[in-house]
Amino acid sequence: MSDGLHPAVVSAQPSQRDEKNPDAPLFEGEYQDRLEKILSRYPFKRAALLPVLNMAQQVRGWISPDTIKRVAEILELSPAYVRSVASFYTMFQLRPAGKYLIQVCTGIGCDLCGAEDVVEGLLKATGTRIGETSADGKYTVVEVECLAGCGFPTMVQINDRMYENVKAEDVEGLLKELD
Ligand code: FES
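Residues numbered from 1 in each chain as written. Predicted model: local features only at pLDDT ≥ 70, side-chain atom pairs only at ≥ 80, totals over all residues.

One finds Ile102, Val104, Val118, Leu122 and Val156 to be the most contacted residues of the largest nonpolar core, which totals 22 residues. Among the elements of the structure, β1 (100–105), α6 (115–126), β2 (139–144), β3 (156–158), β4 (161–163) and α7 (171–178) are those that each provide at least two residues to this core. Broken down by element, this core gets its largest block of residues, 5 residues, from β1. Those residues in contact with Val118 that sit more than four places away from it in its chain are Val104, Thr154, Val156, Val166, Lys167, Ala168 and Val171. One finds Ala48, Ile63, Leu75 and Ala86 within the second-largest nonpolar core, a separate group that totals 13 residues. (Core = buried A, V, L, I, M, F, W, Y, C linked by C-beta atoms within 7 Å. Buried ≥ 20, exposed ≤ 12 C-beta atoms within 10 Å, placed from the backbone. Helix = DSSP H or I, 4+ residues; strand = E, 2+ residues; numbered from the N terminus. Contact = placed C-beta atoms within 7 Å.)

Structure follows, in structure tokens:
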């Protein structure tokens, strides 16, 4: 298992261990600046929907109904539209997740290389079922389809960090590393 230094996510790593606050104010202070920066990259507000949802999830840990409402207001969209987009992508959590959201790729490439064993190992080690959050609020394990690292199965994403070539026997070390 490599330790996740994939160039595509290096800049996102500082948020790996951030505490999420479901009630954190959105789009204020430094997040207002980030919002403006994001909006400046797009010709229309609505085109910024994915990065804005992503930022909201980084701050709050999940996309709550209140978050959907705020994002819709900011981008001048209907809440129904924002919800439909958020529910299409597995990267957005529509219910509260643990401190560590563990996404395991069970796409065909990873599945052929033991992804189910990795999932099983994680569920056993965290004492959860798929999509549930552990009693201590730390872990939520979900299955996703393709994390765009098909050459490095099994791919696992924990919050913003990617882990390549994960085997069932790596699970214990992986969880230890988080604490
Ligand atoms: S199939 Fe697992 S990363 Fe693509």
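What follows concerns the packing of helix α1 (residues 30–40) against helix α2 (residues 49–60). Relative orientation of the contacting elements α1 and α2 amounts to 160°, with a least axis distance of 10 Å. Considered as vectors, α1 and α2 are oriented roughly antiparallel to each other. The crossing of α1 and α2 is right-handed. Between α1 and α2, the residues in contact are Tyr31, Arg34, Leu35 and Ile38 and Pro51, Val52, Met55 and Val59, respectively. (Axes fitted to C-alpha atoms, helices over the stretch in contact; angles between N-to-C directions. Parallel < 35°, antiparallel > 145°, perpendicular 65-115°, else oblique. Left-handed = near helix turned anticlockwise from the far one by under 90°.)

At a minimum axis distance of 9 Å, the contact between α6 and α7 shows a crossing angle of 50°. In terms of their interaxial angle, α6 and α7 are classed as oblique. Considering only the axes of α6 and α7, their crossing is right-handed. From α6, Val118, Gly121, Leu122 and Ala125 reach across to α7, where they touch Val171, Glu172 and Leu175. Of the residues belonging to the contact of α6 with α7, the class tally is 5 nonpolar, 1 polar and 1 charged. (Nonpolar A, V, L, I, M, F, W, Y, C, P; charged D, E, K, R; others polar.)

With that out of the way, let us pick up α6. For α6, spanning 12 residues, the distance from its first C-alpha to its last is 16 Å, which sits close to the expected 16 Å at 1.5 Å a residue. Of the surrounding secondary structure, the elements contacted by the buried residues of α6 are β1, α5 (108–111), β2, β3 and α7. Following α6 by one or two positions, Gly127 adopts a phi angle in the positive range, close to 65°. (Expected span 1.5 Å × (residues − 1).)

The next thing to look at is the sheet that holds β1. Reading across the sheet, the 4 strands line up as β2-β1-β3-β4 and stay open at both edges, with mixed pairing between neighbours. In this open sheet, the two strands that pair with only one neighbour each are β2 and β4. When strand polarity is set aside, the average angle formed by the axes of neighbouring strands in this sheet is 20°. Bridge count between β1 and β3: 3 bridges; the pairing is antiparallel. (Pairing = 2+ DSSP bridges.)

Attention shifts here to the UniProt feature "binding site: [2Fe-2S] cluster" (unreviewed entry) in the chain. The UniProt record annotates "binding site: [2Fe-2S] cluster" (unreviewed entry) at Cys105, Cys110, Cys146 and Cys150. Across 46 residues, the annotated set stays spatially compact, with a maximum C-alpha separation of 9.1 Å. Take Cys110: it is sitting in helix α5. Residue classification places Cys110 among the buried positions, given that 27 C-beta atoms sit within 10 Å. (UniProt positions renumbered as here; feature names shortened; annotations may be inferred.)

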